[in-house]
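Chain residues, written in single-letter form:
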Amino acid sequence: MTLPLSLGAEVADALSAGRAVVALESTIISHGLPRPDNLAAAREFEAIVRDAGATPATIAVLDGVPHVGLSEAEVERIAMDEMAKASVRDLAVLAATGGSGATTVAATAHLGAAAGIRVFATGGLGGVHRGAVETYDESADIPTLGVTRMAVVCAGVKSVLDIGATLERLESLSVPVIGYGTDEFPAFWLHSSGIALDWRLDTPEEVAAVLRAQDADAARGLIVANPISTELQWDPAEHDRVLAESFAAAEAAGVRGKAVTPFLLGDIVERSGGRSLEVNLDLVRGNIRVASEIAVAYAGG
């Protein structure tokens, strides 16, 4: 069971007709990008989906109600208003209090799957944090995908996280990870982490076939790891230098727990002169294109 959903008219029509729909998160709009650029990016993300022949379903909680598919005015609200960052655990609280929140990967996957959407595009997946052996710090994205039938197209996990440990956790939860056109897991800003994957697929039709096979299986997610191209990736040497400086700054500032990742990401943008944000936008665009192609192939089968 899930909370009552409000489906946007365009999304409801597409779902009832069996047409392709792609879920999009709202946290990247409200928390991941600066204003007013975030509104332009939100519009661009939806336009990429439409250009590929699919329907965009940006997801958020507004006044206590989960919305799957937003109007233009609602997209503007997500971009311009202060919003809570809503994971799955927060949905009931927002519903009870009439609060509003931008949905994380976990909450977007949860609500999108409840609406009947099969494909979701994001930037990077949350995962196991470095030092988690002591802090037990793990994103809710991981256990949520262990019980949620949703394909997530992403550029891996942010490289500030423990990539190897994240893949181990996904394996323990029986969440398959597929390299899309790659034999190695991507490292978000970088094309590759150097960690080999068991499975590689190269076309939307191949991924859609896996989704159909999963439909007859137990509910669980699928990670489609789509790397940014080597031409668009961040310079690896600069990437490594900036990350090392940001980790040192977090340690010096005594930042702990869930505050670490937001601190690091903000510090990295500043130290990189905005380069990390440029790469982030490029990889999100690529993930949305691939997710849309997969959704179209899945609907066509």
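Provided above is the structure to which this section pertains.
Keep in mind the model is a prediction, meaning the values are calculated, not measured.

Calculation criteria
Residues numbered from 1 in each chain as written. Predicted model: local features only at pLDDT ≥ 70, side-chain atom pairs only at ≥ 80, totals over all residues. Heavy atoms only, no water. Helix = DSSP H or I, 4+ residues; strand = E, 2+ residues; numbered from the N terminus. Rg over C-alpha atoms; globule rule 2.2 N^0.38 Å. Buried < 20%, exposed > 50% of the residue type's maximum accessible area, 1.4 Å probe, protein only. Contact = heavy atoms within 4.5 Å. Areas by Shrake-Rupley, 256 points an atom, 1.4 Å probe, with all protein chains shown as cover. Pairing = 2+ DSSP bridges. Axes fitted to C-alpha atoms, helices over the stretch in contact; angles between N-to-C directions. Parallel < 35°, antiparallel > 145°, perpendicular 65-115°, else oblique. Left-handed = near helix turned anticlockwise from the far one by under 90°. Nonpolar A, V, L, I, M, F, W, Y, C, P; charged D, E, K, R; others polar. Expected span 1.5 Å × (residues − 1). Phe/Tyr/Trp six-rings, centres within 6.5 Å; stacked < 30°, edge-to-face > 60°. Salt bridge = Lys/Arg side-chain N within 4 Å of Asp/Glu carboxyl O.

Participant: Lay out the overall build of the chain with the relevant residues and their values.
Facilitator: Within the chain, the regular secondary structure consists of 13 helices and 11 strands. Scaling as 2.2 N^0.38, a compact globule of 301 residues should have a C-alpha radius of gyration of about 19 Å, and the chain matches this with 18 Å. In terms of its C-alpha atoms, the chain occupies a principal-axis envelope of roughly 55 × 45 × 35 Å. Here the chain holds 301 residues, and the buried ones make up 53% of them. Contacts in the chain between residues far apart in sequence, at least 24 positions, make up 73% of those at least 6 positions apart. Counting only carbon and sulfur atoms, one obtains 54% of the accessible surface of the chain, whose full area is about 12600 Å².

Participant: For the pairing of strand β3 (residues 55–62), give the residues involved together with the corresponding values.
Facilitator: In terms of residue burial, β3 counts as a mostly covered element, since 8 of its 8 residues are buried. Burial along β3 is two-sided: the face carrying Thr55, Ala57, Ile59 and Val61 and the face carrying Pro56, Thr58, Ala60 and Leu62 are both buried. Pairing of strand β2 (residues 21–24) with β3, which is carried by 4 bridges, proceeds in the parallel orientation. From the neighbouring strand, Ala23 faces β3, where its bridge partner is Ala57. Bridging between β3 and strand β4 (residues 65–68) involves 4 bridges; their strand directions are antiparallel.

Participant: Hey, could you go over the packing of helix α11 (residues 236–253) against helix α12 (residues 260–271) for me, with residue numbers and the actual values?
Facilitator: Orientation of α11 relative to α12, taken along the N-to-C sense of each, is 130°, at an axis distance of 9 Å. Comparing the axis directions of α11 and α12 gives the class oblique. Classified by chirality, the crossing of α12 by α11 is right-handed. Counted together, Val242, Leu243, Glu245, Ser246, Phe247, Ala249 and Ala250 of α11 and Phe263, Leu264, Asp267, Ile268 and Arg271 of α12 form the full contact between these two elements. Within the contact of α11 with α12, the residues separate by chemical class into 8 nonpolar, 1 polar and 3 charged.

Participant: So what's going on with α12? Which residues, and what values?
Facilitator: Helix length check: α12, at 12 residues, gives a terminal C-alpha distance of 16 Å against a target of 16 Å (1.5 Å per residue), a fit within 8%. On its buried face, α12 sits against α11 and α13 (275–300). With its phi angle positive at about 65°, Gly273 sits one or two positions after the end of α12.

Participant: If you had to explain the packing of aromatic side chains to someone new, which residues and values would you point to?
Facilitator: In this structure the tally under the stated criterion is 2 aromatic pairs. Centroid distance Phe188 to Trp189: 5.0 Å. Interplanar angle 75°. Geometry classified as edge-to-face. Considered together, Phe188 and Trp189 belong to a single accessibility category, that of buried residues. Ring geometry for Trp189 versus Trp234: centroids 5.6 Å apart, planes at 80°, classification edge-to-face. Here Trp189, found in the loop between β9 (177–180) and β10 (199–201), pairs with Trp234, found in the loop between β11 (222–225) and α11; they are 45 residues apart in sequence, far enough to count as distant. When its relative accessible area of 0% is taken as the criterion, Trp234 is described as buried. Each residue in the set Phe188, Trp189 and Trp234 is aromatic and connected to the rest through ring pairs, giving one cluster.

Participant: Which residues make up the pattern of salt bridges, and what values do they have?
Facilitator: Inspection of the entire model under this criterion finds 19 salt bridges. Between Arg35 and Glu82 there is a salt bridge whose closest N-O contact spans 3.2 Å. One end of the pair, Arg35, is in the loop between α2 (27–30) and α3 (37–51); the other, Glu82, is in the loop between α4 (72–80) and β5 (84–86), and 47 residues separate them in sequence. Accessibility expressed as a relative area gives 69% for Glu82, which makes it exposed.

Participant: I'd like a description of unusual backbone geometry, backed by residues and values.
Facilitator: The amide bond that connects Arg35 to the next residue, Pro36, takes the cis arrangement and shows omega of -5°. With respect to the element layout, Pro36 can be found in the loop between α2 and α3. Phi is positive for Asp63, which is not a glycine, with a value near 55°. On the secondary structure map, Asp63 appears in the loop between β3 and β4. The phi dihedral of Ser174 falls on the positive side, at around 65°, and the residue is not glycine. Relative to the helices and strands, Ser174 resides in the loop between α9 (163–172) and β9. Among the residues examined, Ser174 registers a relative accessible area of 41% and is labelled partly exposed.

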